[in-house]
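A structural walkthrough
As a plain string of letters, each chain reads:
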Amino acid sequence: MTTTTTTTHPLIELRDVTKRFTGVTAVADVSLTVRAGEVLCLLGHNGAGKSTLIKILSGVYAPTEGTMLIDGEPAALGGPRDALDRGIATVHQGAGTVPLMSVARNFFLGAEPTKGRGPFRRYDAATAGQIALREIQELGIRRIRDADQLVGTMSGGERQALVIARALHFGARVLILDEPTSALGVREAETVLQAVEKARDRGIGVVLITHQAHHALRVGDHFAVIAHGRLAASFGRGEKEPAEVIDLMAGGTAMEELERQQT
């Protein structure tokens, strides 16, 4: 399923968003923009606030303060199901597939195509297999040629790409990818990065959370560095040297950037 968009507004925009829990401010005054056909890399140490931002974007948390806009209109997500209905899909690292089920069954898990009517309705294996293979191959997964192949025999990168292809097929306009290349080998990570690039080329807005500097630099169009719950740096591709990006990701100058903004 090819996704296109005609809106000139960002797909998602956070304006001065703050999230507080009892006695703790997890994120403060963060503004982010997710645009169609772009990859936003969300960078920062563990505990920096990235997970909270992901949960705000995916409808798990509502902001305590600030505004979330979808297609230019203020939006209050009622939960992850509401976010998914609005085209916002979150893919967690290592999750979303059942190893002992086939490629086609995993692709349509819970939404299987059927044929026949009433008591004669049954799973349409041929249609499921045809669609699943077409969609994953469009994301560059060429090694898989049998929709009945067990997902457990696929590489980690291929499984991640399968979940991405499934989300796109069911209408995702925004993909939030939480450490999709974590613990993957070089070849497996390349499979995921190619899938990210193909999703971007189809007009999808991608939010990529990663600790891998070279992966971020490979596919990122815009970069947002989070430090201590605040936006420490925001810049586009080519605006900083790779060494500067790596230093920011490592936390070397993130606080300096944050302090400079606040002065």
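The rules behind these values
- Residues numbered from 1 in each chain as written.
- Predicted model: local features only at pLDDT ≥ 70, side-chain atom pairs only at ≥ 80, totals over all residues.
- Heavy atoms only, no water.
- pLDDT = per-residue confidence, 0-100.
- Contact = heavy atoms within 4.5 Å.
- Core = buried A, V, L, I, M, F, W, Y, C linked by side-chain atoms within 4.5 Å.
- Buried < 20%, exposed > 50% of the residue type's maximum accessible area, 1.4 Å probe, protein only.
- Helix = DSSP H or I, 4+ residues; strand = E, 2+ residues; numbered from the N terminus.
- Expected span 1.5 Å × (residues − 1).
- Axes fitted to C-alpha atoms, helices over the stretch in contact; angles between N-to-C directions.
- Parallel < 35°, antiparallel > 145°, perpendicular 65-115°, else oblique.
- Nonpolar A, V, L, I, M, F, W, Y, C, P; charged D, E, K, R; others polar.
- Salt bridge = Lys/Arg side-chain N within 4 Å of Asp/Glu carboxyl O.

Examining the confidence of the model for the protein
The predicted model of the protein averages 88 in pLDDT, with 91% of residues at 70 or higher. In this model, residues 1–6 is a region of pLDDT below 50 whose contacts with residues beyond four sequence positions or in other chains number 15 contacts.

Quick word on the nonpolar core
What tends to happen in soluble globular proteins is that the nonpolar side chains get buried as a cluster. Val103, Ile136, Leu168, Leu175 and Leu177 are the most contacted members of the largest nonpolar core, which totals 50 residues. Of all hydrophobic cores here, the second largest spans 28 residues; its members include Val30, Ile56, Ala83 and Ile88.

Description of helix α5 (residues 156–169)
For α5, spanning 14 residues, the distance from its first C-alpha to its last is 20 Å, which sits close to the expected 20 Å at 1.5 Å a residue. With 13 of its 14 residues buried, α5 lies for the most part within the structure. Just downstream of α5 lies Gly171, where phi reads positive at about 100°.

A look at the packing of helix α4 (residues 125–138) against α5
Geometrically, a packed helix pair is captured by the angle between its two axes and the distance between the axes. For the pair α4 and α5, the least separation of the axes is 9 Å and the interaxial angle reads 110°. One finds that α4 runs roughly perpendicular with respect to α5. Facing Ile131, Glu135 and Ile136 of α4, the residues of α5 in contact are Leu162, Ala165 and His169. Across the contact of α4 with α5, the residue classes break down as four nonpolar, one polar and one charged.

Topic: the pattern of salt bridges
Counting across every chain of the model gives twelve salt bridges. Arg202 serves as the salt-bridge partner of Glu135, at 3.9 Å between the closest nitrogen and oxygen. Taken together, the positions of Glu135 in helix α4 and Arg202 in the loop between α6 (186–201) and β10 (205–209) put the pair 67 residues apart, joining distant regions of the chain. By relative accessible area, Glu135 is classed as buried at 1%. A salt bridge links Arg218 to Glu197, with the shortest nitrogen-to-oxygen separation between them at 2.9 Å. Here Arg218, found in helix α7 (residues 213–219), pairs with Glu197, found in helix α6; they are 21 residues apart in sequence, far enough to count as distant. Classification of Arg218 as partly exposed rests on a relative accessible area of 30%. Judged by its relative accessible area of 18%, Glu197 falls in the buried class.

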